[in-house]
Amino acid sequence: MTPAEELVRLSRELGREERQLAILGEGNTSCDLGDGTFWVKASGTSLGTLGIDGLSRVSHAKVDALLDRAHPTEQEIEDGLVACLADPAHQKPSVETFLHSLCLREPGVKWTGHTHSTSVVSILASTRGAEPFLRHVCPDAIVVCGRHVLAIPYFNPGLDLALAVRDGLAAFRAEHGKLPKVILMENHGPVALGASSKEVLNILLMLDKWARVLLGTFAAGGPNFLSDEDAEKIDRRLDEAYRRKMIEAKA
Ligand SMILES: [Zn+2]
């Protein structure tokens with residue numbers, strides 16, 4: 001399967017109507033091609049019905065040219081999205097192309113998926129924002145979504161949001177010494193960062209489950225969060241298992 005075919009498959013999985021992760025034109029996906037370009041969903045297409053012709057190939061270097069401009073106008077950003085195309089025959093890429101480009105250049109990130117999951121947004125758009133996700137209620141979410149998530153307050157989708165995520169990722173790496181698997185954008189939705197398309201799908205499915213469990217706990221008297229100590233224990237065990245795997249792979 002080509003990366004483009006795999007990205008279409010991931011997009012359709014995320015767009016499955018019964019999953020309530022994205023409807024209509026909501027959400028977008030991308031994968032890095034390792035040659036300075038990446039595939040990203042074209043603007044105005046739907047995840048659930050995406051085809052190969054709904055993908056745009058974009059150049060990281062051309063995205064940088066736009067990111068470096070101080071205070072571009074709305075029109076300059078619109079024109080800039082088209083100018084970022086690696087293949088000018090492709091459609092205008094998603095408005096979140098800047099965000100995808102920045103995430104895909106983080107170490108170990110090859111695939112990203114962004115949805116407007118009903119369950120997750122129900123919490124992110126509440127007065128509590130991303131705060132309920134800063135602690136854990138079940139071990140499985142730690143294993144799949146990571147011990148810590150990166151929370152970003154609301155920004156206008158597009159360039160402003162991408163720059164806020166860039167700063168957020170740098171601060172997260174400085175604090176935790178690794179990247180998050182999940183970015184939670186308040187009043188908007190989640191982004192999953194993965195080494196494979198399967199990892200991105202798993203993260204977004206587990207995050208949906210986590211959010212639905214949280215909503216249930218709020219209805220049942222409030223969440224009984226795991227202690228930081230217990231959450232750390234699971235996280236450390238994962239780190240150790242990962243290190244063992246790396247050592248075995250090298251041997
Ligand atoms: Zn979005």
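For the structure itself, consult the block above.
Residues numbered from 1 in each chain as written. Predicted model: local features only at pLDDT ≥ 70, side-chain atom pairs only at ≥ 80, totals over all residues.

On to helix α8 (residues 197-219). End to end, α8 covers 34 Å across 23 residues, agreeing with the expected 33 Å (1.5 Å per residue, within 8%). All of the buried residues in α8 are Ser 197, Val 200, Leu 201, Ile 203, Leu 204, Met 206, Leu 207, Trp 210, Ala 211 and Leu 214. After α8 finishes, the residue Gly 221 shows a positive phi value of roughly 105 degrees. (Helix = DSSP H or I, 4+ residues; strand = E, 2+ residues; numbered from the N terminus. Expected span 1.5 Å × (residues − 1). Buried ≥ 20, exposed ≤ 12 C-beta atoms within 10 Å, placed from the backbone.)

Turning our attention to the packing of helix α2 (residues 60-67) against helix α4 (residues 97-104). The contact between α2 and α4 brings their axes to 10 Å, and the two run at 115 degrees. Helix-helix and strand crossings are classified by hand; for α2 and α4 the assignment is left-handed. Where α2 approaches α4, its residues His 60, Val 63 and Leu 67 are matched on the opposing element by Thr 97, Phe 98 and Ser 101. Classifying every residue of the contact of α2 with α4 gives 3 nonpolar, 3 polar and no charged. (Axes fitted to C-alpha atoms, helices over the stretch in contact; angles between N-to-C directions. Left-handed = near helix turned anticlockwise from the far one by under 90°. Contact = placed C-beta atoms within 7 Å. Nonpolar A, V, L, I, M, F, W, Y, C, P; charged D, E, K, R; others polar.)

Take the nonpolar core next. Core analysis: the largest hydrophobic core is formed by 58 residues, its most contacted members being Cys 145, Val 182, Ile 183, Leu 184, Ile 203, Leu 204 and Leu 207. Considering each element in turn, this core owes the most residues, 9 residues, to α8. (Core = buried A, V, L, I, M, F, W, Y, C linked by C-beta atoms within 7 Å.)

Our next topic: the sheet that holds strand β5 (residues 150-152). Ordered by their spatial adjacency, 7 strands build an open sheet running β3-β2-β1-β4-β7-β6-β5, and the pairing between neighbours is mixed. Each edge of the open sheet carries a strand with a single partner, namely β3 (55-59) and β5. The sheet shows a mean angle of 20 degrees between the axes of neighbouring strands, direction not considered. Here strand β1 (residues 28-32) runs beside strand β4 (residues 111-114); their pairing, made up of 4 bridges, is antiparallel. By the bridge assignment for β4, Ser 30 is matched with Thr 112. Together, β2 (37-41) and β3 form the strand contacts of α2, whose direction differs from that of β3 by roughly 70 degrees. On the sheet, α4 packs against β1, β2, β3, β4 and β7 (189-194) and is oriented at approximately 135 degrees with respect to β2. (Pairing = 2+ DSSP bridges.)

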